[in-house]
Each structure stands twice: as structure tokens, then as C-alpha cells.
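# Examination of the molecular architecture
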There are 2 protein chains.
Amino acid sequence: MRKIRVISVGKIRDSYLQEGLKIFEKKLSHYCDFSTVIVKESPYKNTNHQIAIDSEGDRIQSILNSAHLTVACDEKGSDQSSLAFSNLISNWANQGHSKIDFLIGGAYGLSDRIKSFSSYKLSLSKMTMTHQMVRLLLTEQIYRAFTIIKGEKYHHS
Amino acid sequence: MRKIRVISVGKIRDSYLQEGLKIFEKKLSHYCDFSTVIVKESPYKNTNHQIAIDSEGDRIQSILNSAHLTVACDEKGSDQSSLAFSNLISNWANQGHSKIDFLIGGAYGLSDRIKSFSSYKLSLSKMTMTHQMVRLLLTEQIYRAFTIIKGEKYHHS
């Protein structure tokens, strides 16, 4: 079974996002071994953005697994339609990458180091969203991708 | 005061999206006269997509105001960063367009007719999202745009 992790910085505080995420995490559990790993926000997140980005990056790095494909969520990454994104996931699996880690940075994004060694940089939108909203959107898109792969009716092109 | 309407097809059923929207609608009320207008979904939405799209389009059209600028949300529209989007809203106001209607289609999108007479086609993402999630994202982006215009701290570039 495919294993997908979303590695994200900081707990979700908004209850509506927690509720939305739960819905898609539950749906996803029928398609893959899905989990979310939360790393702590840096105490410097409001005072020194660069220190915060770097230390959050170090925390993300410490739990990465070299056997997994890493996909960094980055506004400046490659933007894909939902169909193209599902093809990416399929193709990665065909190439032997059935374990994927999606990385979402904190309030000020991912460190350059994390981005540079990620196998793929994915842009969900050119617009800036809160990193917590990115989690909801990404989880929904991963779910959507699996329904496309399985030929189910959720996605309307 | 600027007047912004989001005109959307179908009520939101998911309570988490209702809750998220409420949060941003309340925040937005400090920046503009913001309202949401819901038009009914077509009874044909599950049986004949084209009839549904066209009849939902007619319903949207019936409440448009020719004095308002209309912005259609469309995956194939122009994608903008949040900063560029805030500049668009500012520029429209400078050109005398302080009343804007944002249009979100139903499950199968907006009719070609609605798109063709909209002043602007905006893509929030190349990815397909549920039209209800589009409402949350759009409302957050309009809020974000006003905080950028006012030079507030919500947005991190």
C-alpha cells in the first residue's frame, strides 16, 4: 500500500480546518497509508524569520526518510492541474516511489535547504495561503488524485 | 465604501466550510461592504451537466448589476499572486470600479456565456477544487488583499 506523509510545521489552531482535515484524512485512509507529522514551530517565528525558517527546516529534515520521495509545497514550484498531479503520483509509483513525503513550511515557508534537496516542488496556487490552509488544500488534492487514479466520480474535469 | 459580492451556486453543506467562511466574512466586514449571494443549484446538476451549467448561469445573470465589475473564478483564468491580486482590486477602484461581483460556478463550473461577459477571469489555482472550497479560498484572498492594501501584517510575502 502506498504510504503518504504530510509533514507540516505547527499545530492547526482553527477548529474549522481541523474538522475539514479530519474528513479528508479519513477518506484518504481507504486509498493509502496516510499520516500527518507535525514539527514544532520555532519560538523565533515572530522575531527572526530566517532563524525560524532554518530551525523548522532542521526539524523537518530530522524526520525525513531517504527511502521516501520528498515533495516541497512552494508557491514558486510547478503548478499542475489535478489530473496532472494524479499522473505524477501514478508515475512516481511506477518508478518505485510509493512512499511520498509532502512538506509544508511554517508561516514564512520552507528553508532553501529543504527546497533544494526535495525531489519535486509543487505549487498549489500562485496565491499565498496560510500554511494551515495549504494543509487542507493539499490533503483534498491527494484524495482527489486517488479518486482520479481509481476512476471514481469525485473529480469533474 | 467598497462593495464586494461573492455570487455562488448552492448552499454550503459542510459545517467546517461554513465556520471558516464566517470567520473571514466577519473580518472582511471591517474593510468593505461584503456579502454573499447564493443562487439555487439546478435540479439537473447530476443528470445533464450542460443544462445545469446554463440554468445556473441564467440565475447568476439575473442578479448581476451592470454597474458592478464582474470577476469570474475560472481555473483557466489568469493566475495572480496575492500581491498582484490586491493591486488589481486597488487599480479597479482607481478606475471607478468600487463595486465588484466575484462569480463562482456550481459543481461543473460557470457557463461560457457568464465567462464571456465577465470583465476578468481569475484562477485561484490550476487544480480543481470543490466550488465550496473555492468560496473559502476566495474569501480569504479578498481579506488578504485588503490587509495588503492597508499595509497590515496578515500577509507574509
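So, here's what we can say about the structure. (Residues numbered from 1 in each chain as written. Chains lettered and ligands numbered in written order. Predicted model: local features only at pLDDT ≥ 70, side-chain atom pairs only at ≥ 80, totals over all residues. Heavy atoms only, no water.)

Listed by partner, the interface residues are 30 residues for chain B and 30 residues for chain A. Summing both sides of the interface, chain B and chain A together bury roughly 2700 Å²; the carbon and sulfur share of this comes to 62%. At the junction of chain B and chain A, the tally comes to 14 residue pairs in polar contact (both at pLDDT 80 or more). Taken together, the residues of the side of chain B that touches chain A sort by class into 14 nonpolar, 11 polar and five charged. (Contact = heavy atoms within 4.5 Å. Buried area = accessible area lost by both parts, 1.4 Å probe. Polar contact = N/O pair within 3.5 Å; in protein donor to acceptor, adjacent residues only side chain to side chain. Nonpolar A, V, L, I, M, F, W, Y, C, P; charged D, E, K, R; others polar.)

Residues and elements named next belong to chain A. It is the contact of helix α1 (residues 15-28) with helix α5 (residues 131-149), at a shortest axis distance of 9 Å, that shows an interaxial angle of 20 degrees. With respect to α5, the axis of α1 lies roughly parallel. In this structure, α1 crosses over α5, and the sense of that crossing is left-handed. Contact with α1, carried on its side by Y16, L17, G20, L21, F24, E25, K27 and L28, involves Q132, M133, R135, L136, T139, E140, I142, Y143 and F146 of α5 and no other residues of that element. Among the residues making up the contact of α1 with α5, the classes are represented as 10 nonpolar, three polar and four charged. (Axes fitted to C-alpha atoms, helices over the stretch in contact; angles between N-to-C directions. Helix = DSSP H or I, 4+ residues; strand = E, 2+ residues; numbered from the N terminus. Parallel < 35°, antiparallel > 145°, perpendicular 65-115°, else oblique. Left-handed = near helix turned anticlockwise from the far one by under 90°.)

It is worth spelling out the packing of aromatic side chains at this point. Aromatic rings considered in pairs are described by the distance between their centres and by the relative angle of their planes. Scanning the model with the defined rule gives 12 aromatic pairs over all chains in all. Seen from their ring centres, Y31 of chain B and F146 of chain B are 6.1 Å apart, and the 25 degrees between their planes marks the pair as stacked. Remark: F146 of chain B occurs in helix α5 (residues 131-149) and Y31 of chain B occurs in the loop between α1 (15-28) and β2 (33-39); sequence separation between them is 115 residues. Ring centres of F85 of chain B and F102 of chain B lie 6.1 Å apart, and the angle between their planes is 65 degrees; this geometry places the pair in the edge-to-face category. Pair noted here: F85 of chain B is in helix α3 (residues 82-94) and F102 of chain B is in strand β4 (residues 99-104), with a separation of 17 residues, a long-range link. By the ring-pair criterion, three or more aromatic residues cluster together here, those being F24, Y31, Y143, F146 and Y154 of chain A. (Phe/Tyr/Trp six-rings, centres within 6.5 Å; stacked < 30°, edge-to-face > 60°.)

It is worth spelling out the sheet that holds strand β4 (residues 99-104) of chain A at this point. Residue and element names in this part refer to chain A. Here we have five strands laid out as an open sheet, ordered β2-β1-β4-β3-β5, and parallel in their pairing. Each of the sheet's edge strands pairs with one partner strand only, and the pair in question is β2 (33-39) and β5 (120-123). Along the sheet, successive strands turn relative to each other by an average axial angle of 30 degrees, direction set aside. For strand β1 (residues 3-9) and β4, the ladder comprises six bridges, and the chain directions are parallel. (Pairing = 2+ DSSP bridges.)

Our focus in this paragraph is the sheet that holds β4 of chain B. All names here are of chain B. Read from one edge to the other, the open sheet built from five strands follows the order β2-β1-β4-β3-β5, with strand pairing classed as parallel. Taken across any chain shown, the strands that pair with only one partner, and hence form the sheet edges, are β2 and β5 (120-123). Ignoring strand direction, the axes of neighbouring strands in this sheet form an average angle of 30 degrees. Strands β1 (3-9), β2, β3 (69-79), β4 and β5 of the sheet are contacted by α5, whose axis makes an angle of about 170 degrees with β1.

This part takes up the relation of the copies chain B and chain A. You can overlay chain B on chain A at an RMSD of 0.0 Å; the transform is a turn of 180 degrees with a shift of 0.0 Å along its axis. The relationship between the two copies is best expressed as a two-fold rotation axis. Taken together, the interface assignments show that 100% of the residues at the interface of chain B recur at the interface of chain A, consistent with an identical surface on both copies. (Least-squares fit on C-alpha atoms with pLDDT ≥ 70 in both.)

Residues lying three or four places apart along an α-helix face the same way, a consequence of the helix completing one turn every 3.6 residues. The end-to-end C-alpha separation of α1 of chain A is 20 Å, in line with the 20 Å expected for 14 residues at 1.5 Å each. Restricting attention to buried positions, one finds in α1 of chain A the residues Y16, L17, G20, L21, F24 and L28 of chain A. The arc that holds every buried residue of α1 of chain A, seen down its axis, measures 125 degrees, which confines them to one face. Across from the buried face of α1 of chain A, at angles greater than 90 degrees, the exposed residues are K22 and K26 of chain A. Each element contacted by the buried residues of α1 of chain A is listed here: β2 and α5 of chain A together with α1 and α5 of chain B. (Expected span 1.5 Å × (residues − 1). Buried < 20%, exposed > 50% of the residue type's maximum accessible area, 1.4 Å probe, protein only. Arc of directions from axis to C-beta.)

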